[in-house]
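Each chain is listed here by its residues.
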Amino acid sequence: MSKPNFLPLSSHVEYSLEEMQNRAKDFYQDLNKRRTVRDFSDKKVPLEIIKNCILTAGTAPSGANIQPWHFVIVSDSEVKRRIRVAAEIEEKEFYERRATKEWLEALEPLGTDSDKPFLETAPFLIGIFARNYGINSDGTKAKHYYVSESVGLATGMLISAIHNAGLVSLTHTPSPMNFLNEILERPKNEKPFLLLVVGYPSKGAKVPDIHRKSLEEIATFI
Ligand code: IYR
């Protein structure tokens, strides 16, 4: 067992109480403007912006600091086309057969269907993979901890970073999405977690008239 190495916490910034109140409120008000968007423009986005958003995602906490995530950033139109074709096959199956009546009813307010043009229109698709286990140098499996929680946290930070940059995203989960391993050439210790569609909204993009729960509904103070 090696001894842990500790460094002084030099990065923490302490604000005045007033500044803290303002920052907390401003951050909430800004993130509350985020909407999941399905109408994308084909307007180009500089790769540098996406790289910084990915770096932000990589700052998420993770079980035993294993950082069990991998992001595949897709801008190639042929790869995007292949993803759309494969996703629409699964989605058609979902909407026409696999989904229960209850599930379809729950999706009604979102107005979704099996047609996924945004998979080709948006400038970037980000395939987010969860590394369920690692591979040691001798080929044996290395255990990873709290993988879904860790990748979920990183994804939330990625979505926030994209919003902060002035772009919009869509959390897309064709199910099953194992085809992403094949198209994006990821190894079998990685499981597709989510496909994040990123870009600008189309001119005149519309979003469903749905609402966020109140503080009383989502929190209890004891
Ligand atoms: N994957 C399908 C269905 C879908 C499921 C949920 I849960 C959503 O919140 C939205 C859609 C689709 O992308 O259409």
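You'll find the structure just up there.
About the criteria used
Residues numbered from 1 in each chain as written. Predicted model: local features only at pLDDT ≥ 70, side-chain atom pairs only at ≥ 80, totals over all residues. Heavy atoms only, no water. 1 Å grid on protein atoms, 1.4 Å probe; cavity = no way out; pocket = protein on both sides within 12 Å on 5 of 7 lines; lining within 4 Å. Points joined across faces, edges and corners; volume = space filled by probe spheres on them. Helix = DSSP H or I, 4+ residues; strand = E, 2+ residues; numbered from the N terminus. Nonpolar A, V, L, I, M, F, W, Y, C, P; charged D, E, K, R; others polar. Near = heavy atom within 4 Å. Polar contact = N/O pair within 3.5 Å; in protein donor to acceptor, adjacent residues only side chain to side chain. Areas by Shrake-Rupley, 256 points an atom, 1.4 Å probe, with all protein chains shown as cover. Sits in = over half its atoms within 2 Å of the grid points. Pairing = 2+ DSSP bridges. Axes fitted to C-alpha atoms, helices over the stretch in contact; angles between N-to-C directions. Contact = heavy atoms within 4.5 Å.

Q: Got a minute to help me understand the layout of surface pockets in this structure?
A: Leftover empty space is mapped by rolling, across the atoms, a probe with the size of a water molecule. Computed from the structure, the largest pocket encloses a volume of approximately 570 Å³. Counting residues per element, the ones that place at least two in the lining of the largest pocket are α3 (77-98), α4 (101-107) and β5 (168-172). Residues that form the lining of the largest pocket fall into these classes: nine nonpolar, seven polar and six charged.

Q: Looking at this structure, how should I read the site of the ligand?
A: Around the ligand, the neighbouring residues are R38, E91, F94, Y95, W103, L107, L110, T112, D113, K116, H172 and T173. A distance of 3.1 Å separates a nitrogen atom of the ligand from a polar side-chain atom of E91. At a separation of 3.3 Å, an oxygen atom of the ligand approaches a polar side-chain atom of H172. Contact with the protein chains removes 72% of the 370 Å² of surface that the ligand exposes when unbound. Taking a 2 Å distance to the grid points as the criterion, the majority of the atoms of the ligand fall inside the largest pocket. Every element with two or more residues in the shell around the ligand is listed here: α3 and α4.

Q: Explanation requested: the sheet that holds strand β2 (residues 124-131) in the structure shown.
A: Where strands meet in a sheet, backbone hydrogen bonds hold them as pairs that are either parallel or antiparallel. One open sheet holds the four strands; their spatial order is β1-β2-β6-β5, and the pairing between them is antiparallel. Two strands close off the open sheet at either side, each with one partner strand: β1 (69-74) and β5. With strand direction ignored, the average angle separating the axes of adjacent strands in the sheet is 25°. Note that β1 and β2 share six bridges and pair antiparallel. Opposite V72, over in β2, you have G127 as the bridge partner. Strands β1, β2 and β6 (190-199) of the sheet are contacted by helix α2 (residues 47-57), whose axis makes an angle of about 170° with β1. Of the strands in this sheet, β1, β2, β5 and β6 touch α3, which is tilted by about 115° from β1.

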